[in-house]
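Remarks on the overall topology
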Amino acid sequence: MSPIPTRVFVARLLGLDVFDPLGDRVGRLRDVVVIARGQRAPQAVGIVVEVPGKRRVFVPMTRVTSMDQFQVITTGLVNLRRFEQRGAEMLVLGDLFDHRVSILDDGSQGIVEDVAMDQQRNGDWLVSKLFVRKELPGRGLRTLRRGETLLVEWDEVRLDTRAGTRAATHFLASHEDLRPADFADAIQEMSDRRRFEVVAELQDERLADVLQELPEDDQVEILSSLDNERAADVLEEMDPDDAADLLADLPADKAEELLQLMEPDEADDVRRLLQYDEGTAGSIMTPVPVVLPPEATVADALAHVRREELSPALASAVFICRPPLETPTGRYLGTVHIQQLLRSAPPEQLGSIVDKGLEPVSDLAPLNDVAHSMAQYNLNSLAVVNADGRLVGAVTVDDLLDHLLPDDWRAHDDGAPLKKVGGSFG
């Protein structure tokens, strides 16, 4: 008797553990790669697996020995080169989910919410059906959740190639809670067309947060795809040090054009950072740390570090200076750490609890000196002063790590050969 074909729905596979034959975890399934075949149902050619180090790699279907809604079992042989989408390949999550389709039977429109794959008797996996939610006319995205749902054959619908913006909007609505780093991972796995559709729909502030989590090449590519006015707006939303790093990777005339379009105060902060040589404290510092005078109280300081836009590293310390309080400030007096603020009475003045023994670092100091000071004193941020003893900024631990790690650390792509992957995966 011939075996009964197996059906799986991709939405139920996403995030499943992927094991080798001995039961050791290889990674987690993040997407399915299919090949478009015209009007015929696409064929699944492999899966995208996230292995330790958050690297996403390709595992051919020929190495998948079992797949159901509970687990995926492979031969355990994995090529650790980073997955790159090619040619006619489509990602089910990246390219099909949330895509708008036309239903041929009645001409109605809908959104793809899931994809079913059937295993054929010869072992191949084909995209057999699409789970589609019909769009209610003229009612917007909210009604998509209440519209009629259908399970239709692949050849009963037509993908709407003009619907990128609508599909991107639906994607954003479904993923609005993703952290910027996770969102950056998601758009790295998209095709160029899909990525730019999503970027076009992102709010400037959200795009700025995501750009800061992307590798330099991707940052340049995305910023260059924007018109100059919007690119300048996005740069204004970025942390000044990240904006300076990005502008430094652009041609000088392009960078200057964007600086001219930025708000003067924002552009001035970035210009100051661009004046420093690469590899110095000044080149990676943020010029807008929390700065208060010695007469300010603990209550004042706590109110400042509670600001939502501050990163945890910047909120870990308040720098005490004589006026003016904008960088470059008056004379730098010392630092008050967040723990000291929490241990002190709200009316107490900062000048009485300031740590004067912690030496700041020169804005011209090499990064090795910065790293040594921060490691020696277990700091999340460190004051940076100029030759006149004025505070010009602060180096945070996240920015220091960005510059000490290899340039391609975000990609996690070491070009490693085939190897057996197993063991625990957090």
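Values in this document were obtained by computation on a predicted structure and should not be read as measured data.

Considering the overall build of the chain
Broken down by element type, the chain carries 16 helices and 21 strands. Expressed as a percentage of contacts within the chain between residues at least 6 apart in sequence, the contacts between residues at least 24 apart total 59%. Of the roughly 21,000 Å² of accessible surface on the chain, a fraction of 48% belongs to carbon and sulfur atoms.

Focus on the layout of surface pockets
Estimated volume of the largest pocket: approximately 1,400 Å³. Lining the largest pocket we find 39 residues, and of these Gln 212, Asp 239, Glu 309, Leu 310 and Ser 311 sit closest to its centre. Going through the elements one at a time, α4 (180-188), α6 (204-211), α8 (228-237), α9 (240-248), α11 (264-274) and α16 (397-404) are the ones with two or more residues in the lining of the largest pocket. The element best represented in the lining of the largest pocket is α16, accounting for 4 residues. A per-class count over the lining of the largest pocket returns 15 nonpolar, 5 polar and 19 charged.

Regarding the sheet that holds strand β20 (residues 391-396)
Pairing is mixed in the open sheet, where 3 strands are placed in the order β18-β19-β20. Edge strands, defined here as strands with exactly one partner in the open sheet, are β18 (361-362) and β20. Of the strand pairs in this sheet, strand β19 (residues 381-385) and β20 are connected by 5 bridges, and their pairing is antiparallel. The partner of Ser 381 across the bridge, within β20, is Thr 396.

What about α9?
Counting buried positions along α9 gives 7 out of 9 residues, so the element sits mostly inside the fold. Within the sequence span of α9, burial applies to Pro 240, Asp 241, Asp 242, Ala 243, Ala 244, Leu 246 and Leu 247. On its buried side, α9 packs onto α7 (216-225), α8, α10 (252-261), α11, α12 (281-284) and α16.

Considerations on the nonpolar core
Generally speaking, soluble globular proteins have nonpolar side chains that are buried together. Within the largest apolar cluster, 51 residues are counted, with the highest numbers of intra-cluster contacts made by Leu 223, Leu 235 and Val 395. The contact partners of Leu 235, leaving out residues within four places of it in the chain, are Leu 223, Ala 243, Leu 246, Leu 247, Leu 258 and Met 262. Counting 38 residues, the second-largest nonpolar core is a separate cluster that includes Leu 29, Val 64, Val 72 and Leu 130.

Examining the packing of aromatic side chains
This structure, assessed with the given rule, holds 1 aromatic pair. Considering the side-chain rings of Phe 58 and Phe 83, the 6.0 Å spacing of their centres and the 20 degrees angle between planes classify their relative orientation as stacked. Linking Phe 58 in strand β5 (residues 55-60) with Phe 83 in the loop between β8 (77-79) and β9 (89-91), this pair joins segments that are 25 residues apart in sequence. Under the relative-accessibility criterion, Phe 83 is labelled buried at 7%.

Remarks on the pattern of salt bridges
This structure, assessed with the given rule, holds 16 salt bridges. The residue Arg 7 makes a salt bridge to Asp 118 at a minimum N-O spacing of 2.8 Å. Highlighted residues: Arg 7 in strand β1 (residues 7-9) and Asp 118 in strand β11 (residues 109-119), separated in sequence by 111 residues. Judged by relative accessible area, Arg 7 falls into the partly exposed class, the value being 40%. Glu 50 is paired through a salt bridge with Arg 30; the nearest N and O atoms lie 3.3 Å apart. Of this pair, Glu 50 sits in strand β4 (residues 40-51) while Arg 30 sits in strand β3 (residues 25-37), and the two are 20 residues apart along the sequence. By relative accessible area, Glu 50 is classed as buried at 8%. Since its relative accessible area comes to 23%, Arg 30 is described here as partly exposed.

Digging into the pairing of β4
For a regular strand, side chains alternate in direction, first toward one face of the sheet and then toward the other. Burial analysis of β4 places 9 of its 12 residues in the buried class, which makes it a mostly covered element. Adjacent in sequence and paired antiparallel, β3 and β4 are bridged by 2 residues, among which Gly 38 carries a positive phi angle near 65 degrees. The sheet contact formed by β4 and β5 spans 6 bridges and is antiparallel. Looking at β5, one finds that Val 51 is bridged to Arg 55. Between the antiparallel neighbours β4 and β5 lie 3 residues, among them Gly 53 with a positive phi of about 95 degrees.

Quick look at a negative patch on the surface
A cluster of acidic side chains, namely Glu 205, Asp 227, Glu 229, Asp 233, Glu 237, Glu 263, Asp 265, Glu 266, Asp 268 and Glu 308, defines a negative patch on the protein surface. Listed by contribution, the elements that provide at least two residues to the negative patch are α8 and α11. Mapped onto the secondary structure, Asp 227 falls in the loop between α7 and α8. Among the residues examined, Asp 227 registers a relative accessible area of 47% and is labelled partly exposed.

Concerning the packing of α8 against α10
Between α8 and α10, the shortest axis-to-axis distance is 9 Å and the interhelical angle comes to 75 degrees. If you check the angle between α8 and α10, you find them roughly perpendicular. Two secondary-structure elements touch here, α8 through Asn 228, Glu 229, Ala 231, Ala 232, Leu 235 and Glu 236 and α10 through Lys 254, Glu 257, Leu 258 and Leu 261. Its residues placed into classes, the contact of α8 with α10 shows 5 nonpolar, 1 polar and 4 charged.

Details of the sheet that holds strand β17 (residues 332-337)
Pairing within the open sheet is mixed, and its 3 strands lie in the order β15-β16-β17. Where the open sheet ends on each side, the last strands, each with one partner, are β15 (291-292) and β17. As defined by bridge partners, strand β16 (residues 317-321) adjoins β17 across 5 bridges and the pair is classed as antiparallel. Bridging from a neighbouring strand, Ile 320 pairs with Gly 334 of β17.

Cut-offs applied
Residues numbered from 1 in each chain as written. Predicted model: local features only at pLDDT ≥ 70, side-chain atom pairs only at ≥ 80, totals over all residues. Heavy atoms only, no water. Helix = DSSP H or I, 4+ residues; strand = E, 2+ residues; numbered from the N terminus. Contact = heavy atoms within 4.5 Å. Areas by Shrake-Rupley, 256 points an atom, 1.4 Å probe, with all protein chains shown as cover. 1 Å grid on protein atoms, 1.4 Å probe; cavity = no way out; pocket = protein on both sides within 12 Å on 5 of 7 lines; lining within 4 Å. Points joined across faces, edges and corners; volume = space filled by probe spheres on them. Nonpolar A, V, L, I, M, F, W, Y, C, P; charged D, E, K, R; others polar. Pairing = 2+ DSSP bridges. Buried < 20%, exposed > 50% of the residue type's maximum accessible area, 1.4 Å probe, protein only. Core = buried A, V, L, I, M, F, W, Y, C linked by side-chain atoms within 4.5 Å. Phe/Tyr/Trp six-rings, centres within 6.5 Å; stacked < 30°, edge-to-face > 60°. Salt bridge = Lys/Arg side-chain N within 4 Å of Asp/Glu carboxyl O. Patch = residues over 30% accessible without salt bridge, like charges linked within 9 Å, V, L, I, M, F, W, Y side chains within 5 Å. Lys, Arg positive; Asp, Glu negative; His and termini not counted. Charge placed at Lys NZ, Arg CZ, Asp CG, Glu CD. Axes fitted to C-alpha atoms, helices over the stretch in contact; angles between N-to-C directions. Parallel < 35°, antiparallel > 145°, perpendicular 65-115°, else oblique.

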